[in-house]
Amino acid sequence: MRRCCRHMDFRELWARHDVRTSTAGAKGFRHPEVGVINLLFHAMPLEHGQVLTVLHARPGSSDEQSLALLATMIATRQQRG
């Protein structure tokens, strides 16, 4: 049986530059204090090969509440010094 990803296979695929950029979608992040946060993202190409990526939670979602909780926790820590 042939192995799925031999070293030479990777080199050949990499050299083809056959990669498609995802410009929008969803991504989950696991934070140790607030748990999993699912965010939407939009990636926008800029000049000189740079990409601006914006992440946000769905309005009214538990993910939005988790981000707000995380922001409050960080602000509290910063005030304490």
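Below is a short write-up of the structure. A quick note: this is a predicted structure, and the numbers were derived from the prediction, not measured. (Residues numbered from 1 in each chain as written. Predicted model: local features only at pLDDT ≥ 70, side-chain atom pairs only at ≥ 80, totals over all residues. Heavy atoms only, no water.)

Moving on to a nonpolar patch on the surface. A surface patch of nonpolar side chains, amounting to about 310 Å² of accessible area, comprises Met44, Leu46, Leu52 and Val54. Here Met44 is to be found in strand 2 (residues 35–45). Owing to a relative accessible area of 37%, Met44 belongs among the partly exposed residues under this scheme. (Patch = residues over 30% accessible without salt bridge, like charges linked within 9 Å, V, L, I, M, F, W, Y side chains within 5 Å. Areas by Shrake-Rupley, 256 points an atom, 1.4 Å probe, with all protein chains shown as cover. Salt bridge = Lys/Arg side-chain N within 4 Å of Asp/Glu carboxyl O. Helix = DSSP H or I, 4+ residues; strand = E, 2+ residues; numbered from the N terminus. Buried < 20%, exposed > 50% of the residue type's maximum accessible area, 1.4 Å probe, protein only.)

This next bit is on the nonpolar core. Where a protein is soluble and globular, its nonpolar side chains tend to be buried together. In terms of nonpolar packing, the biggest core is built from 6 residues, these being Val34, Ile37, Leu39, Ala57, Leu70 and Met73. Of all the secondary structure elements, the ones that give two or more residues to this core are strand 2 and helix 2 (62–80). (Core = buried A, V, L, I, M, F, W, Y, C linked by side-chain atoms within 4.5 Å.)

Once that is clear, we can look at the pattern of salt bridges. For the coordinates displayed, the defined rule picks out 1 salt bridge. Between Arg77 and Glu33 there is a salt bridge, and its shortest N-O distance comes to 2.4 Å. Linking Arg77 in helix 2 with Glu33 in the loop between strand 1 (24–31) and strand 2, this pair joins segments that are 44 residues apart in sequence.

Note that every value here comes from positions in space, so none of it alone points to a role or purpose.
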